[in-house]
Amino acid sequence: MPREYKRKSTRNSWDTVSMEQAITAVRSKEMGLKRASRQFNVPKTTLKRRVHDTNKKAKGASKVLGRYETVLTPEMESDLVRYVVLMEERMFGIGTKELRSLAYQIAERNEINHCFKNEIAGKDWMTNFLQRHQELSLRKPENTSAARANGFNRDAVGRFFDILEAVCQEHQFLPSNIYNCDETGVTTVPNTPSSVLALRGRRQVGNRTSAERGTLTTTEICMSATGQFIPPLFIFPRVRENRQLMDAAPPGAVAAYHKSGWMQVDIFVRWFRHFIQQSGATVENKVLLILDGHATHTQNLEVIDLARANGVYIVSIPPHTSHKLQPLDVSFMRPLSTFYTQEVERWLRDHPGRCVTIYQVAALFTEAYLKSATALTARNGFRKTGIFPLNRDIFQDYEFAPADATDVYRDQQPQPQIPEAPNQQPEIPDDADQQPEIEGAPDQQPEIPDVPDQLEVPETHAKEAEKKKAKAPSRKRSAEHITASPYQRKLKSAKKLKTGKSQQQTVEKTKRIPKSGGKKPVKGTKPVKRKLLQQLSNDQGADDTECFFCGEKEIPGDPWIQCQGSCKLWAHTECAGVDNDTYSWICDICA
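Residues numbered from 1 in each chain as written. Predicted model: local features only at pLDDT ≥ 70, side-chain atom pairs only at ≥ 80, totals over all residues. Heavy atoms only, no water.

1. Thoughts on the overall build of the chain
Within the chain, the secondary structure is distributed over 20 helices and nine strands. Within the chain, buried positions represent 37% of all 591 residues. Here the chain has roughly 38,700 Å² of accessible surface; of this, 49% comes from carbon and sulfur atoms. (Helix = DSSP H or I, 4+ residues; strand = E, 2+ residues; numbered from the N terminus. Buried < 20%, exposed > 50% of the residue type's maximum accessible area, 1.4 Å probe, protein only. Areas by Shrake-Rupley, 256 points an atom, 1.4 Å probe, with all protein chains shown as cover.)

And the structure:
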């Protein structure tokens, strides 16, 4: 016989309707407490407290158990919850310790009696607070760079959807002809190991890897809005071709070789020819390709010519927005990385004493690629980014909150005001060198000295002014229609100007080479570039340094920048897609 459940306590077992009737009967003097308690089946002591309103927590016939009240009022806690959510939306999340400290400060400022110690609320208060506000939960945030937080703003996203909507309305692409491509790095040592079971209490749990630092192989992946995948391209860090590296690769995959293992201009041209063949793009069968603003993509004239000749329309997303606007990054790259890590760990368990090398990368990648390359994954990626079906309102207001906070701060900065000059030039007072007062200044026009129509400028200053006037404009990028004629003409003129400057600089450097055969001087170069040349001049010379994006050596006017990740490679700021004043940069592979 199963044991019957017996109620341990009869507290709060009365009915609220009966309690309300009993309170009404006693207050109207129809009956006393004892008779009302017996007739309506409610506790006498409870009825007495409700009649005389001596219970501060429970009013009327409401049921409330517990002896303690919350330190902060419900209104204060609601404001605190709103503040926590607001800070989380702006990527300045509040932790448990900060929240406990805020609770103490609120109680002190409002002169509320509390039992908090050491200027912080207790852990019990924190636990009860989360129980009262179950819309909050403790989460581990994902690191997001300041460039991504500020780059994903309403203006940049709006311009991208304006271009995308105009191109789609003009050409009416089929869903199977809308593609997205992107590169990803595959290493012999995965970055994040899988979780494993271990003995409770063990301080450290190890995971066997093939080396301290893995060898990088870049893969170019492309998928359509209906779930069709173009066979990938592998870029192996080798100078010569080795067909053994492609053993057990995905069907139809192709390989390229470069000593850096990174995407290059000529390699992307080769992949683009592969894409045209696999997608069946023609002038009649138009194809839309969405990609990021990498220099090998957007500054490649040969790719633009091929695209225009084969009916491929290319649209680039704004910089630092791939985590939101690139379908591959949104839905595909994470499961691919997870499956690849599992395949590497399984291979190490099945081959004890051996290490994963570059010769096993293609086979391991194939197993992970076939698991993650599903039609549902591709469709979800295009849907979540609002590309297909086209939905420019796919993103919520809180997703723009980090950039909005930066815009508000920028708008609040004091802007210099240039007063209008009066029609008549007054005389210069004796105290003209003194700084004018900003607050409380009288309403009068500032006094401006007479300036002659023509100034005599020294020759040296005139040359400096000409250099500043001819300085290249800012390299900040945005979403672009790559195959449009204006963009193509602009890119051709920029390349022509760049080639002319390079030839002129080469002639000037040849004149400066000492006849004794010494090393080339590095004086006059950019600080970052001068540091690079100084380091390399000890063993191989400055001319041996190549940009791992474009493969070119020194280019006049293009400063260098080094990846602060694991690869530690150098690139031109223009090829890396960063501004000249950027000092800390991590490439897409190491990110």
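2. Considering the packing of aromatic side chains
Applying the stated criterion across every chain yields a total of 18 aromatic pairs. Taken together, the ring pairs in this structure connect Phe229, Phe234, Phe236, Tyr257, Phe332, Phe365 and Tyr369 into an aromatic cluster. Taking NZ or CZ as reference, lysine 324 lies 6.0 Å from the ring centre of phenylalanine 152, over its face. (Phe/Tyr/Trp six-rings, centres within 6.5 Å; stacked < 30°, edge-to-face > 60°. Lys NZ or Arg CZ within 6 Å of the ring centre and 35° of its normal.)

3. With respect to the sheet that holds strand β2 (residues 216–224)
Across the sheet, which stays open at both edges, the seven strands sit in the order β4-β3-β2-β1-β5-β6-β7 with mixed pairing between neighbours. Of all the strands in the sheet, the pair left with one neighbour each is β4 (254–257) and β7 (480–481). Sheet topology note: the strand β5 (residues 287–291)/strand β6 (residues 312–316) ladder contains five bridges and is parallel. For leucine 288, the partnering residue across the bridge sits in β6 and is tyrosine 313. Those strands touched by helix α8 (residues 154–171) are β5, β6 and β7, and its axis lies near 165 degrees from that of β6. Those strands touched by helix α9 (residues 265–279) are β1 (178–187), β2, β3 (229–236), β4, β5 and β6, and its axis lies near 160 degrees from that of β3. (Pairing = 2+ DSSP bridges. Contact = heavy atoms within 4.5 Å. Axes fitted to C-alpha atoms, helices over the stretch in contact; angles between N-to-C directions.)

4. Here's the deal with the UniProt feature "DNA-binding region" (unreviewed entry) in the chain
Look at the UniProt record and you will see "DNA-binding region" (unreviewed entry) annotated at residues 33–53. In residues 33–53, the share of helix is 81% and the share of strand is 0%. The end C-alpha atoms are 14 Å apart. (UniProt positions renumbered as here; feature names shortened; annotations may be inferred.)

5. Comments concerning the side chain of histidine 294
By the secondary structure assignment, histidine 294 is in the loop between β5 and α10 (295–298). Judged by relative accessible area, which is 12%, histidine 294 ranks as buried. Those residues within four positions of histidine 294 in sequence are excluded, and the remaining contacts are Phe549 and Cys575.

6. Comments concerning the pattern of salt bridges
Counted according to the given criterion, the structure contains 14 salt bridges. Between aspartate 404 and arginine 154 there is a salt bridge whose closest N-O contact spans 3.3 Å. Here the residue aspartate 404 occupies a position in helix α16 (residues 401–412), and arginine 154 occupies one in helix α8, the gap between them amounting to 250 residues. Judged by its relative accessible area of 39%, arginine 154 falls in the partly exposed class. Close ionic contact of glutamate 165 with arginine 392 constitutes a salt bridge, the shortest N to O distance being 3.0 Å. Residue glutamate 165 is located in helix α8, and its partner arginine 392 is located in the loop between α15 (375–384) and α16; the two are separated by 227 residues in the primary sequence. Using a relative accessible area of 36% as the deciding quantity, one classes arginine 392 as partly exposed. Residues joined in a network through salt bridges with shared partners are Arg154, Asp397 and Asp404. (Salt bridge = Lys/Arg side-chain N within 4 Å of Asp/Glu carboxyl O.)

7. Points about the pairing of β3
The element β3 is extensively covered by neighbouring structure, given that eight of its eight residues are classed as buried. Pairing geometry for β2 and β3, over five bridges, is antiparallel. Residue pairing across strands places threonine 218 opposite isoleucine 235, the latter belonging to β3. Counted between consecutive antiparallel strands, the loop separating β2 from β3 contains four residues, among which glycine 227 sits at a positive phi close to 100 degrees. Inspection of the sheet shows β3 paired to β4 by four bridges, in the parallel sense.

8. So, the nonpolar core
If you look at the biggest cluster of nonpolar residues, it comprises 51 residues, and the most contacted ones within it are Phe160 and Leu288. In terms of residues, this core owes the most to one element, helix α13 (residues 327–350), which gives eight residues. Among residues more than four places away in sequence, those in contact with leucine 288 are Leu164, Val167, Cys168, Phe173, Asn177, Ile178, Tyr179, Tyr313 and Val315. Grouped together as the second largest cluster of nonpolar side chains are 29 residues, Ile267, Trp271, Leu291 and Val312 included. (Core = buried A, V, L, I, M, F, W, Y, C linked by side-chain atoms within 4.5 Å.)

9. Notes on the confidence of the model for the chain
Averaged over the chain, the pLDDT score is 81; the fraction of residues at 70 or greater is 74%. A low-confidence stretch, residues 467–475 stays under pLDDT 50, and its non-local contacts, those more than four residues away or across chains, total seven contacts. Taken together, the stretch residues 513–543 has pLDDT below 50 and engages in 27 contacts with residues farther than four places along the chain or on a different chain. (pLDDT = per-residue confidence, 0-100.)

10. Focus on a positive patch on the surface
On the surface, Lys34, Arg35, Arg38, Lys44 and Lys48 cluster together to form a positively charged patch. Those elements that provide at least two residues to the positive patch are α2 (33–40) and α3 (44–52). For the positive patch, the element with the highest residue contribution is α2, accounting for three residues. Examined against the element boundaries, arginine 38 turns out to sit in helix α2. A residue is classified by how much of its surface remains accessible, and arginine 38, at 60% relative accessible area, is exposed. (Patch = residues over 30% accessible without salt bridge, like charges linked within 9 Å, V, L, I, M, F, W, Y side chains within 5 Å. Lys, Arg positive; Asp, Glu negative; His and termini not counted. Charge placed at Lys NZ, Arg CZ, Asp CG, Glu CD.)

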